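# Per-entry structural report
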Amino acid sequence: MLTRSLLLQLAGNKKMEAFIKQNAWSARMAARFVAGETVESVIEPVRQLNAQGLAVSLDFLGESVTNQEEVALVMDTYLRLFQVIREVGLNAYVSLKLTALGLDISPELCYRNMQRLLKAASPDLFVRIDMESSLYTQRTLDLFERLWNDPEPFRNVGVVIQAYLYRSAEDIERLNAMGARVRLCKGAYREPPSVAFPRKADVDASFVRLMQRLLLHGNDPAIATHDPKMIEATQRFAREHQIPCDRFEFQMLYGVRRDLQMRLVQEGYRVRVYTPFGTHWYPYLMRRLAERPANLWFVVKNVLRG
Ligand SMILES: Cc1cc2nc3c(=O)[nH]c(=O)nc-3n(C[C@H](O)[C@H](O)[C@H](O)COP(=O)(O)OP(=O)(O)OC[C@H]3O[C@@H](n4cnc5c(N)ncnc54)[C@H](O)[C@@H]3O)c2cc1C
C-alpha cells in the first residue's frame, strides 16, 4: 500500500520524471507498456494485435498540458492518427485526456477542440474520453454531456467511470439513461477517503455493482480490468441474464496480461487493448508500476542486465 502511494506521488514529480527519462534502461522499460513514440511507429504493433483478434484504443500520451503550442501538437497528432487508422484500415479507435486538449487552460478551448476532433472522427471513428483524477470528474462529465447535447449532438464519443469513487453509482445511472457509452475501470489515481473507497474489497464490490448496471442498462459498455475475479463476475452475470457476448467488451492495457487477453478472444469475447504511444510516458508508467509493484522487479532485472 505504501509502495503504491509512493509511486503515485512520484507520478506527479517533475524532478523524478527528468531523472527517470534520462536513464538508458527507461526506454526499454517503457516499451513494455508503450507501443512507440510516433503515429507511424504504432502501425505495426496495432496490426499485430488486430491479427490476433484484438481491437485497439490508441492514446497519445500527454496530460496536464498548460500551453497552447502543446495542445496544438496533441490536436495535430490525433488528426493524423485518424488519417492513418483509415488509410491502413486498422481496427482501432482513440482515447484521450481532456487535460491534453487544454482543459486546464480553458474549458471553452477544450470544448472547441473536442468538437473539431469529433467532427473529423465522424462517422466511422469513436473517441473515448479517459477519466483523470477526481479534481476533473465533474468538469469531464459536464463537457461530455455538453457534447452529447450540442446543437449538432455528438454520438461518436464515450466516457469513463471509476469504481473507486463514491459518486460513480449515481453517475452510471445518469449516463445509462442518456444512452452514453461507458468504460468502467477501478481508477488509477491517488484519491482521499473523502471521495474514494480506501479499501480494495470495497472498490471491487463497487466495480461488480456498476458492471451489473452497465450490462443491464448500458450502451455497448466496456469492462476494463485485468482482475480475473471481475472478469469472472462479468461473464457469470452475462450468462445468468442471457446477455450475449457481443453486447459488451473487455478492455485491457497494452503489455498487461496478454495471456488473459488471448484467452478471452478464444472464448468468443470482444477484447480491446488500450495502447498508448508518445514520448510523455512517465506518469503513465508510474501508475502502471503502482498497480503492480511486482513490475518493479522487471525494472530492476533490466537495470542489472543492462
Ligand atoms: C482499458 C483500460 C482503460 C483504463 N482507463 C482508465 C481511465 O480512464 N482512468 C483511470 O483512472 N484508470 C483507467 N484504467 C486503469 C484502472 O483504473 C486500474 O488502475 C487498472 O486497470 C488496474 O486495475 P485492475 O482492474 O486491472 O485490477 P487490480 O486489482 O489492480 O489488478 C488485478 C490483477 O491484474 C493484474 N494487473 C493489474 N495491473 C497490472 C499491471 N500494471 N501490470 C501487470 N499486471 C497487472 C495483476 O495480475 C493483478 O493482480 C484503465 C484500465 C484499463 C484496463
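Rules behind the numbers
Residues numbered from 1 in each chain as written. Predicted model: local features only at pLDDT ≥ 70, side-chain atom pairs only at ≥ 80, totals over all residues. Heavy atoms only, no water. Helix = DSSP H or I, 4+ residues; strand = E, 2+ residues; numbered from the N terminus. Contact = heavy atoms within 4.5 Å. Pairing = 2+ DSSP bridges. Axes fitted to C-alpha atoms, helices over the stretch in contact; angles between N-to-C directions. Salt bridge = Lys/Arg side-chain N within 4 Å of Asp/Glu carboxyl O. Buried < 20%, exposed > 50% of the residue type's maximum accessible area, 1.4 Å probe, protein only.

### Things to note about the side chain of D204
Tracing the sequence through the fold places D204 in helix α9 (residues 200–217). Residue contacts for D204: discarding those within four places in its chain leaves K186, D227 and M230.

### What about unusual backbone geometry?
In this structure, the amide linkage connecting S122 to the following residue, P123, adopts the cis form with an omega of 0°. Summarising the element assignment, P123 is placed in the loop between α6 (107–121) and β3 (127–129). The phi angle at Q242 is positive, at roughly 50°, despite the residue not being glycine. Within the secondary structure, Q242 sits in the loop between α10 (228–240) and β7 (249–253). The backbone of R257 shows a phi angle near 50°, a positive value even though the residue is not glycine. Within the secondary structure, R257 is located in the loop between β7 and α11 (258–266).

### Observations regarding the sheet that holds β7
Reading around the barrel, the eight strands line up as β1-β2-β3-β4-β5-β6-β7-β8 and close back on themselves, with parallel pairing between neighbours. Going across the sheet, the axis of each strand differs from the next one's by a mean of 30°, ignoring polarity. As paired strands, strand β4 (residues 157–162) and strand β5 (residues 181–185) are joined by five bridges and run parallel to one another. Looking across to β5, one finds that V159 is bridged to V182.

### Looking at the pattern of salt bridges
Applying the stated criterion across every chain yields a total of 22 salt bridges. The salt bridge involving R146 is made with E108; its shortest N-O contact spans 3.2 Å. Remark: E108 occurs in helix α6 and R146 occurs in helix α7 (residues 137–148); sequence separation between them is 38 residues. We classify R146 as partly exposed; its relative accessible area is 39%. Between R199 and D202 there is a salt bridge; the shortest N-O distance is 3.1 Å. Connected through salt bridges with shared partners, the residues R181, D220, E249, R270 and R272 form a single ionic network.

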